[in-house]
Amino acid sequence: MAKKEIQNELMEKIVSLCKRRGFIFPGSEIYGGMANSWDYGPLGVEIKNNVKSLWWNRFVHRRDDIVGLDAALIMNPKVWEASGHLKNFSDPLVECAKCHHRFREDMLESELLKKAECPDCGGKLGKPKQFNLMFKTFIGPAEEQANVAYFRPETAQGMFVDFKNVLDTTRKNLPFGIAQIGKAFRNEITPGNFIFRTREFEQMEIEYFIRENEWEKQFELWRKEMHEWMKLLGLEAKHIHELEVSEDKRAHYSKRTIDFEYDFPFGTSELYGLAYRTDFDLSSHAAASGANLKYKDAETNEEFFPHVIEPTWGVDRSVLAALLAAYKEEGEGDAKRVYLKLPIRLAPYKAAVFPLLKNKPELVKKAREVYLSLRKKYFIDWDERGNIGKRYYAQDEIGTPYCITVDFETLENDTVTLRDRDTAKQKRIPIAELDAFFHHEIYS
Ligand code: GAP
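Everything numeric in this text was worked out from a predicted model, so none of it was measured. (Residues numbered from 1 in each chain as written. Predicted model: local features only at pLDDT ≥ 70, side-chain atom pairs only at ≥ 80, totals over all residues. Heavy atoms only, no water.)

(A) A look at the pattern of salt bridges. Per the stated rule, a full pass over the model turns up 36 salt bridges. For Asp281, the salt bridge identified is with Arg277, shortest N-O distance 2.9 Å. Classification of Asp281 as buried rests on a relative accessible area of 1%. Judged by its relative accessible area of 0%, Arg277 is buried. The salt bridge partner of Arg385 is Asp383, with a shortest N-O separation of 2.9 Å. On the basis of relative accessibility, which here comes to 57%, the residue Arg385 falls in the exposed class. (Salt bridge = Lys/Arg side-chain N within 4 Å of Asp/Glu carboxyl O. Buried < 20%, exposed > 50% of the residue type's maximum accessible area, 1.4 Å probe, protein only.)

Here you go:
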């Protein structure tokens, strides 16, 4: 089979597994769905929360130089005027004179573009027009221009607008960062590829405030940090590529941008970004609002606008890349098994506990004790349906790293079997050692 077909097949398998096992459902499905909207189901919300808490722990809790923020999603529209989003956050669109479908000019195949031909009906395409990607809404009951507001297209602006509040309340010295996780909205013209490009998505962003003369050094440090992060998701280095974004393609605020691209089944595409935003945002907001957003050096009393390095991560693209990297198939026919080799910190359940036989009350009682005790600290599944092989198979498919079985020997010596998802091998372990085992696996 050609490489492309295998890759497309992989995407189909992931989408189907996500639906079947409760990771990700099509949005508003009972009403026939809503194009490109997706709901995270019981297991999807776990993996998504795990990505976010791993990130928060790594970049906020474990660092002295970064603090968190959770800013409002709908901000004063003046924010978007000052940030340049009202003027510049747009895609060039061409419209077909016959079927009126619109296309992103830069995404049309060049032959069609040369002929100005609509890919859907062959009609004539018009001249490109800029289309702003921000979602507009109205505050209050009157739908008037004076009440227009926008859903934020990036979380970043919250960090700039609150810069002074954070500085005053945390007494941080440069360099320091503000981190935020939250929803962003973009009226994308060509959403698609499952959760890769949607109109509503989540970002994890850091605005890292620095002195201008250290931007290259800090850029380099963050570049390394991003590679370390991708390792934590289980992504292989050979599938990650850096793209130096050329000046004409960079966002209006950026002096340098690197896209971290991943080999997705539908093509190598942007996973994350790293940008040097200069002092564009702070100086623009200071000029537009009249607020003093300068930083005062405590030793020299010098006042200046800090410059900014911005590493940015999409949560949904992280989940998609982690699922794709984790998907494994092994064996043939009846012996075939599918497993998600997710890093334990991302896996929805850290373990599943089973009684060997459902109809033996003494086994069920003991297994419940083990389950309830571990559940106090870790997210653990319980299963007593079917035979043990089927339970293993079901847990493999949702990425549960370990299965714990309480059998007759447990009743004699308080040990259980611990089965490893990736090797399918089992070993016996005292119940008393389970907590230390999981603590080590998850946190070391
Ligand atoms: N604050 C800078 C910024 O927003 P961006 O490259 O436009 O930069 C950052 O977006 C990240 O957000 C991307 O690298 C990607 O992971 C994610 N992202 C952007 N648009 C997205 C969309 N339509 N659907 C899902 N994720 C998206």
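So much for the structure itself; the text now carries on.
(B) Inspection of the sheet that holds strand β4 (residues 74–75) at higher detail. Strand order in the open sheet made by the 3 strands is β4-β9-β8, with antiparallel pairing throughout. Two strands bound the open sheet, and with one partner strand each, they are β4 and β8 (136–138). In this structure, β4 lies alongside strand β9 (residues 148–151), joined through 2 bridges in antiparallel fashion. Bridging from a neighbouring strand, Met75 pairs with Tyr150 of β9. (Pairing = 2+ DSSP bridges. Helix = DSSP H or I, 4+ residues; strand = E, 2+ residues; numbered from the N terminus.)

(C) Highlighting a nonpolar patch on the surface. Taken together, Leu356, Leu357, Phe408 and Leu411 make up a surface patch of nonpolar side chains, about 290 Å² in accessible area. Relative to the helices and strands, Phe408 resides in helix α13 (residues 408–413). The class of Phe408 is partly exposed, set by a relative accessible area of 37%. (Patch = residues over 30% accessible without salt bridge, like charges linked within 9 Å, V, L, I, M, F, W, Y side chains within 5 Å. Areas by Shrake-Rupley, 256 points an atom, 1.4 Å probe, with all protein chains shown as cover.)

(D) Inspection of helix α10 (residues 315–326) at higher detail. Between its terminal C-alpha atoms α10 stretches 16 Å, which fits the 16 Å expected from 12 residues at 1.5 Å a residue. α10 sits mainly inside the fold: 12 of its 12 residues count as buried. (Expected span 1.5 Å × (residues − 1).)

(E) Just the pairing of strand β19 (residues 337–340), in detail. Covered by surrounding structure in β19 are Arg337 and Tyr339 together with Val338 and Leu340, the residues of both alternating faces. Taken together, strand β18 (residues 327–330) and the strand that follows it, β19, pair antiparallel across an intervening segment of 6 residues, in which Gly331 is found at a positive phi of about 75°.

(F) Quick look at helix α8 (residues 215–232). Compared with an ideal rise of 1.5 Å per residue, which puts 18 residues at 26 Å, α8 spans 26 Å between its outermost C-alpha atoms and is within 8% of the ideal. Three or more residues of α8 are buried, namely Trp215, Gln218, Phe219, Trp222, Met226, Trp229 and Met230. All buried residues of α8 fall inside an arc of 120° around its axis, so they share one side. Of the exposed residues in α8, those oriented more than 90 degrees away from the buried face are Glu216, Lys217, Lys224 and Lys231. One or two positions beyond α8, positive phi appears at Gly234, with a value near 90°. (Arc of directions from axis to C-beta.)

(G) Highlighting the site of the ligand. Surveying the vicinity of the ligand reveals 20 residues, the closest of which are Glu154, Arg186, Glu205, Glu270 and Leu271. At 3.3 Å, a backbone N or O of Phe196 approaches a nitrogen atom of the ligand. In this structure, an oxygen atom belonging to the ligand sits 2.6 Å away from a main-chain N or O atom of Leu271. Considered on its own, the ligand offers 550 Å² of accessible surface; in the complex 91% of this is hidden by protein. Looking at the shell around the ligand, the elements with two or more residues in it are β11 (200–210), β14 (267–278) and β17 (307–314). The residue inventory of the shell around the ligand, partitioned by class, reads 6 nonpolar, 5 polar and 9 charged. (Near = heavy atom within 4 Å. Polar contact = N/O pair within 3.5 Å; in protein donor to acceptor, adjacent residues only side chain to side chain. Nonpolar A, V, L, I, M, F, W, Y, C, P; charged D, E, K, R; others polar.)

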